[in-house]
Amino acid sequence: MSELLFEIGTEELPAGFQEPALAQLKQNFINQAKELNLTHGSVVTIGTPRRLALLVQELADAQPDSREELMGPSRQAGFDADGNPTKAAMGFARSKGGDVTDLKVVETDKGEYLMIVQERAGLVTAELLPALLADLMQGFSFAKSMRWGENTSTFARPVQWIVALYNGDIVPFNHDGIIASNMTRGHRFMANKEVALQGVADYKDSLEEAFVQVDQDERRNAVLSEIEKAVAETLDPANAKVAVDETLVDTVCNLVEKPFGVCGSFDGKFLQLPDEALITSMREHQKYFPVVDRENNLLPNFVAVNNTRVKDINLTRTGHERVLRARLEDAFFFFAGDKKKKLDDRFNDLTGIIFQAKLGTMLEKTERIVKLTGLLAEQFIPDSVDDACRAARLCKTDLLTDMVGEFPSLQGNMGAAYALQDGESEIVSLAIKDHYLPKRAGAELPTSLIGAVVGLADRLDTLSGCFGIGQLPTGTTDPFGLRRIALAILHIVEHSEWTLSLNDIVHKALSLYGDKVNGSAETVEQVLAFIRGRFVNDQLAAGVDGEAVEAVTSVAFDDVNDCIAKIQALAAIRKEDAFAVLAASFKRIRNIIKENSATDVKETLLVERAEKHLVTVFVQVAATVQPLLDARDYNGALSAMLALKAPVDEFFNEVMVMDEDETIRTNRLNLLTAISALFLRVGDISKMQSS
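In this text, all values refer to a predicted model and were calculated from it rather than measured experimentally.

Each value, and the rule that gives it
- Residues numbered from 1 in each chain as written.
- Predicted model: local features only at pLDDT ≥ 70, side-chain atom pairs only at ≥ 80, totals over all residues.
- Heavy atoms only, no water.
- Salt bridge = Lys/Arg side-chain N within 4 Å of Asp/Glu carboxyl O.
- Helix = DSSP H or I, 4+ residues; strand = E, 2+ residues; numbered from the N terminus.
- Buried < 20%, exposed > 50% of the residue type's maximum accessible area, 1.4 Å probe, protein only.
- Expected span 1.5 Å × (residues − 1).
- Contact = heavy atoms within 4.5 Å.
- Polar contact = N/O pair within 3.5 Å; in protein donor to acceptor, adjacent residues only side chain to side chain.
- 1 Å grid on protein atoms, 1.4 Å probe; cavity = no way out; pocket = protein on both sides within 12 Å on 5 of 7 lines; lining within 4 Å.
- Points joined across faces, edges and corners; volume = space filled by probe spheres on them.
- Nonpolar A, V, L, I, M, F, W, Y, C, P; charged D, E, K, R; others polar.
- Pairing = 2+ DSSP bridges.
- Axes fitted to C-alpha atoms, helices over the stretch in contact; angles between N-to-C directions.
- Phe/Tyr/Trp six-rings, centres within 6.5 Å; stacked < 30°, edge-to-face > 60°.
- Lys NZ or Arg CZ within 6 Å of the ring centre and 35° of its normal.
- Core = buried A, V, L, I, M, F, W, Y, C linked by side-chain atoms within 4.5 Å.
- Parallel < 35°, antiparallel > 145°, perpendicular 65-115°, else oblique.
- Left-handed = near helix turned anticlockwise from the far one by under 90°.

## As for the pattern of salt bridges
Counted according to the given criterion, the structure contains 38 salt bridges. A salt bridge links D562 to K566; the shortest N-O distance between them is 3.4 Å. You can see D562 and its partner K566 sitting in helix α20 (residues 560-573), 4 residues apart, about one turn around the helix. You can call D562 buried: its relative accessible area is 11%. Where salt bridges share partners, they join K365, R368, K396, D458 and D461 into one cluster.

Now the structure itself:
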């Protein structure tokens, strides 16, 4: 068993490119090794802004020898009456790189056939690696790629060097004029020199000596250690700590090869800015960490992370403070200017923002949101209709502020801050902020019911409008993030435990557009089908029983929480022994009744004892189940329905459904249809029949 070290040295890669690139490098190697039938042990990818590295342990020295038996035409087709090979036999042998003398006759279940055996000696790994590494170089997919010089290949940033070592020996490999070697490079500023490598074992240690922490997990821990150390050395650790943003830690980790923290300060006047504005100014533009006290109140301090050790820490601190001050002065200026005009006074100015060319302005959208919010609020929070509509009216006005223009990620946050400045209630202010939540799948949901209502109205308007003009997402494009919007609708409704008819609310959302959109029933069905698709995917991703999901959604999808309750009940009841048999019987019922929809059963046409007994039990079960279904007690309803198992089995064993007498046949079909209709109130349990 051998080892492979492969390093791609580049100009500084963007922080967001590194983790995906490392994941691709690992998976592409695994796929290539599998295709070449090369076994291997652990596959690890590590990297910094200037390098992507692949470390493979226990790599096979060679492919295993292979023996393949290839079947050809029958003996009758391969040889004539005199035993001479036909064109079919010769063609088969030639296509497999052999001769007719290599053909064998073997006995199969279908008779005698011709076979040729191909035996190949496995190639040694050293011969396979140059082509494998070349494929790895071409296998990356970046958000943006570039060409440089006279090179024909593309990469995220120019490639500067390549290390390719197999058991310590250099792999003869060339990529666009860059010849692989055993020489990597140290830190750009602290060890700007070539570093000789021996292999996997000494890779990390050799780079560590050259001031490069190549393992991103170790470097991330070093970032955390450095920022905490910087605060402890500058401020009183009993009263100050770093406000750690995990996403920012990841970003900073991918901006440096070796982190060094420095704690700075800024003028206390900037604490007048809303916390989110202050934090965003530091985080988005400068990649600085805020500092807070033990009660998590912001302090006039920050922590920056450098990519090099400095001789004069005070000089570095002053430089960071000067840069941040300029940013904060801008934010302070925008904030002061924005406060001069109330949010409500900006409302009509929303006409200057185009929501979508065919769907009108942001003012028109906001007016629709207000109406939808009113409808939803009357249903779910009748005591807060006025507050909800007020929040809906103001929810987009902060898009016109300078602060949001400079920091788009602050939309909602600044609206909430300005609303409080304008004298709006805390309820309205919080709703303005909350209506943007969740911002992505799995993210924080609205904390207030009013915010949830406004957010739901906003998303329903966007989703319905886009479908109404045929602006549907494709496999590659989703400019309005409709998939994300559909998931947000589902999660808001589920989290709030609301009973909401999606069919009715989508109809209403489309009607508010007037003649701008196609508000037909077909469009409504398209919207519901799209939401249903996201619902199914979301449930499956959460590990929910897939057959239970299909059983419910294949029948109807309108009330999200009702569907979830049915799915949970079906997933629970399938553990009962009787359910599997009943599901199989239900599938038989569905196959027999086909398009029959009538459910009236005439007792005078009941002939066989088994069908009379089934009707008796069914009437009793239906009487028990109906109030349970009305109360949405699907667990209880399904448990009661299990009583039909024995009489249904007996019915199929003793009764011929398709009787020659049409009236009897129709009566029996109607009985089965009535039973089917009762089960379909919960779901199509035939979808849950064990294979």
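## Description of α20
Taking 1.5 Å of rise per residue, the 14 residues of α20 would be expected to cover 20 Å, and the 20 Å separating its terminal C-alpha atoms lies within 8% of that figure. Of all 14 residues that make up α20, 10 are buried, and the element is covered over most of its length. Looking at α20, one finds that the buried residues are V560, N561, D562, C563, I564, K566, I567, A569, L570 and I573. Buried positions along α20 lie against α16 (482-496), α17 (502-511), α18 (521-541), α19 (546-553), α21 (577-593) and α23 (634-641). Where α20 begins, the side chain of D559 points an oxygen toward the backbone nitrogen of N561, at a separation of 3.2 Å.

## Focus: the layout of surface pockets
Approximately 850 Å³ is the volume attributed to the largest pocket. Secondary-structure elements contributing two or more residues to the lining of the largest pocket are α7 (246-253), α8 (275-286) and α14 (426-434). In terms of residue count, the dominant contributor to the lining of the largest pocket is α8 (5 residues). In terms of residue class, the lining of the largest pocket is made up of 11 nonpolar, 7 polar and 10 charged.

## Thoughts on the pairing of strand β7 (residues 159-166)
In terms of burial, β7 is largely enclosed, as 7 of its 8 residues are buried. In this sheet, β7 lies alongside strand β1 (residues 2-10) in antiparallel orientation, the contact comprising 7 bridges. Counterpart to G9 in the pairing with β7 is W161. In this structure, β7 lies alongside strand β8 (residues 169-170), joined through 2 bridges in antiparallel fashion. Bridge pairing links L165 to I170 in β8. Between β7 and β8, which follow one another and run antiparallel, lie 2 residues, and N167 among them has a positive phi close to 55°.

## Description of the sheet that holds strand β14 (residues 260-265)
What the 4 strands build is an open sheet, ordered β13-β15-β16-β14; its pairing is antiparallel. Each edge of the open sheet carries a strand with a single partner, namely β13 (241-242) and β14. Taken together, the 2 bridges between β13 and strand β15 (residues 289-292) define a ladder with antiparallel strand orientation. Bridge pairing in β15 places V242 opposite V291. Each of β14 and β16 (298-306) is contacted by helix α9 (residues 313-338), which is oriented at about 60° to β14, the strand it contacts most.

## As for the packing of aromatic side chains
Tallied over the full model, the rule gives 16 aromatic pairs. Relative to F142, the ring of F17 lies with its centre 6.0 Å away and its plane at 20°, an arrangement referred to as stacked. In this pair, F17 is assigned in helix α1 (residues 15-35) and F142 in the loop between α4 (125-138) and β7, connecting sequence segments 125 residues apart. Take F142: its relative accessible area is 14%, and that puts it in the buried class. Between F651 and F652 the ring centres are 5.6 Å apart and the planes differ by 70°, which places this aromatic pair in the edge-to-face class. For the pair F651 and F652, one class covers both residues: buried. Here the aromatic residues F17, F140, F142 and F155 are joined through ring pairs into a cluster of three or more. Cation over ring: R393 sits above F347, and NZ or CZ is 3.8 Å from the ring centre.

## Some details on the nonpolar core
Core analysis: the largest hydrophobic core is formed by 131 residues, its most contacted members being M403, L456, L463, L570, M641 and L644. The greatest single-element share of this core, amounting to 10 residues, is contributed by helix α15 (residues 449-468). Leave out the neighbours within four places in its chain, and L644 touches L582, L614, V617, F618, V621, I675 and F679. Of all hydrophobic cores here, the second largest spans 35 residues; its members include I8, L128, A156 and I162.

## Overview of the sheet that holds strand β4 (residues 66-74)
Strand order in the open sheet made by the 3 strands is β4-β6-β5, with antiparallel pairing throughout. Edge positions in the sheet fall to β4 and β5 (104-108), since each of these pairs with one other strand and no more. Taken pair by pair, the neighbouring strands of this sheet meet at an average axis angle of 45°, ignoring direction.

## Considering the packing of α21 against helix α24 (residues 645-654)
Across the interface, α21 lies against α24 with an axial gap of 10 Å and an inter-helix angle of 45°. Considering the angle they form, α21 stands oblique to α24. Judged by the sense of rotation from one axis to the other, the crossing of α21 with α24 is left-handed. Residues A578, V581, L582, S585, R588, I589 and I592 of α21 form the contact with α24, whose participating residues are K645, V648, D649 and F652. Tallied by class, residues from the contact of α21 with α24 come to 7 nonpolar, 1 polar and 3 charged.

## Focus: the packing of helix α22 (residues 609-630) against helix α25 (residues 662-680)
Look at α22 against α25: their axes get within 11 Å of each other, and the N-to-C directions meet at 25°. Between α22 and α25, the angle is such that the two are roughly parallel. The hand of the α22/α25 crossing is left-handed. Only R668, L671, A674, I675 and L678 of α25 make contact with α22, whose side of the interface consists of E611, L614, V615, F618, V621, A622, V625 and L629. Along the lines of polarity and charge, the residues of the contact of α22 with α25 split into 11 nonpolar, no polar and 2 charged.

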